[in-house]
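# Examination of the molecular architecture
For reference, the chains in residue letters:
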Amino acid sequence: MRTARLIACAALALSLPARADRLPVPADAPPAFKAECASCHLPYPPALLTAADWQQVMAKLDKHYGGSAVLDEKTRREIEDFLVRHAATRSRMAGAGDPPRLTRSEWFLHEHRKLPDRTWRDARVSSASNCSACHTRAEQGSYREREIVVPGFGKWKD
Amino acid sequence: MKRVWLSCFFASGIAMAASPPELAAGYAAEAARQSPGFQPSARRGAEFYARRFAVSEKMPACAACHTDSPLQAGRHAVTGKAIRPLAPRAETARFTDPAKVEKWFRRNCSEVLGRACSAAEKADFILFATEAK
């Protein structure tokens, strides 16, 4: 009986939409992932977009959200393979936009639905891409609720 | 002789450590081939750094991310990510890796100027950042 309950719990946990409070960079990340991607923004977890999304992102590095992130082909391919390997499979993780943004997925918008507009406009936040503006340990891949400090609000309680 | 050596080194594309003045000299040599008599100038580099190109809304000038001084730490204008100072005096690894320098000129020039930077602009820029105090 106890085992059955455990199995049921485990199954439920696995079926839950992304345990998103711990999203460390997967251990098989090529050094180029940190060197190239994480030099301009924190290393976004590959599990926050689908494989098709990442392929689109990596196909348009010359138009990378208003910037240029052009890479040589070998490095580009290496990073794309890594992202695709760890990409999300659920459709609610699919980004929107061209190239797709992980900050526009159904999941992301749901998780951030209670934030007022003025927080997004706050100079200390400046952009939804700036995870560490509120997720104080995002650089370490940790997004736990107790680590959230929203500029203008302080500690965030859901 | 030094000029010949440097141009070989640039042409070969082999990643090797160099000093900021060596890198500036390499770009200056390239610029001199395009316009004979070219001499790099830190003053022109400073003007370039301060110029408002206004091609990009969020990155109208170098200062949008790198602040008014290359000696200060900056912040990415879009993502908010911290950027270490550009000046070798404040950040010793700056302008020592030719491949890295080329990569960032390629990206940042297309972002801020909407075009590639010339060898002359690169030489002036490195000289300015190196002499900044």
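Here goes a summary of the coordinates provided. (Residues numbered from 1 in each chain as written. Chains lettered and ligands numbered in written order. Predicted model: local features only at pLDDT ≥ 70, side-chain atom pairs only at ≥ 80, totals over all residues. Heavy atoms only, no water.)

If you tally the helices and strands in chain A, you get six helices and two strands. Each helix (α) and strand (β) of chain A, taken in turn from the N terminus, gives the series α-α-α-α-α-α-β-β. When burial is assessed residue by residue, chain A has 42% of its 158 residues classed as buried. Within chain A, contacts between residues at least 6 apart in sequence are counted, and of these 59% link residues at least 24 apart. (Helix = DSSP H or I, 4+ residues; strand = E, 2+ residues; numbered from the N terminus. Buried < 20%, exposed > 50% of the residue type's maximum accessible area, 1.4 Å probe, protein only. Contact = heavy atoms within 4.5 Å.)

All right, on to the environment of R84(B) then. Residue and element names in this part refer to chain B. Mapped onto the elements, R84 comes out in the loop between β2 (82–83) and α5 (98–112). Overall, R84 belongs to the exposed group, its relative accessible area being 55%. With 13 residues separating them along the chain, R84 and L71 place their C-alpha atoms 8.9 Å apart. R84 has contacts with A73, E91 and R94, leaving out every residue within four places of it along the chain.

Take the interface of chain B and chain A next. Opposite the 14 residues of chain B that make contact, chain A presents 20 residues. Counting the surface lost from both chain B and chain A, the interface buries some 1,300 Å², and carbon and sulfur atoms represent 38% of this. Linking chain B with chain A are three salt bridges, by the criterion used here. Ionic pairing is found between E36(A) and R107(B), a salt bridge with its closest N-O pair at 2.9 Å. Broken down by element, the residue count for the side of chain B that touches chain A peaks at six residues, all from α5(B). (Buried area = accessible area lost by both parts, 1.4 Å probe. Salt bridge = Lys/Arg side-chain N within 4 Å of Asp/Glu carboxyl O.)

Looking now at the state of the cysteines. Counted by the stated rule, this structure contains one disulfide over all chains. Here C109(B) connects covalently by a disulfide to C117(B), the sulfurs 2.0 Å from one another. Handedness of the C109(B)-C117(B) disulfide follows from its S-S torsion of about -100°: it is left-handed. Here C109(B) matches C117(B) in class, with each residue buried. Not engaged in a disulfide, the cysteine C131(A) finds its nearest cysteine sulfur in C134(A); these two sulfurs lie 9.3 Å apart. Classification of C131(A) by relative accessible area gives buried; the value is 12%. This cysteine, C65(B), is not joined by any disulfide, and C40(A) carries the nearest cysteine sulfur, 8.1 Å off. The exposure class of C65(B) is buried, given its relative accessible area of 10%. (Disulfide = S-S within 2.5 Å.)

Helix length check: helix α2 (residues 20–34) of chain B (15 residues) gives 21 Å between terminal C-alpha atoms against 21 Å at 1.5 Å per residue, within 8%. Buried within α2(B) are the following residues: P20(B), L23(B), A24(B), G26(B), Y27(B), A28(B), A29(B), A31(B) and A32(B). (Expected span 1.5 Å × (residues − 1).)

Residues and elements named next belong to chain B. For the pair α2 and helix α6 (residues 119–131), the least separation of the axes is 7 Å and the interaxial angle reads 155°. With respect to their mutual orientation, α2 and α6 come out roughly antiparallel. Judged by the twist between their axes, the crossing of α2 over α6 is left-handed. Residues P20, L23, A24, Y27, A28, E30, A31 and Q34 of α2 pack against A119, A120, K122, A123, I126 and T130 of α6. Tallied by class, residues from the contact of α2 with α6 come to ten nonpolar, two polar and two charged. (Axes fitted to C-alpha atoms, helices over the stretch in contact; angles between N-to-C directions. Parallel < 35°, antiparallel > 145°, perpendicular 65-115°, else oblique. Left-handed = near helix turned anticlockwise from the far one by under 90°. Nonpolar A, V, L, I, M, F, W, Y, C, P; charged D, E, K, R; others polar.)

The next point concerns the side chain of E91(B). Here E91(B) shows up in the loop between β2 and α5. In this view, E91(B) contacts R84(B) and P85(B); residues no more than four positions away in its chain are not counted.

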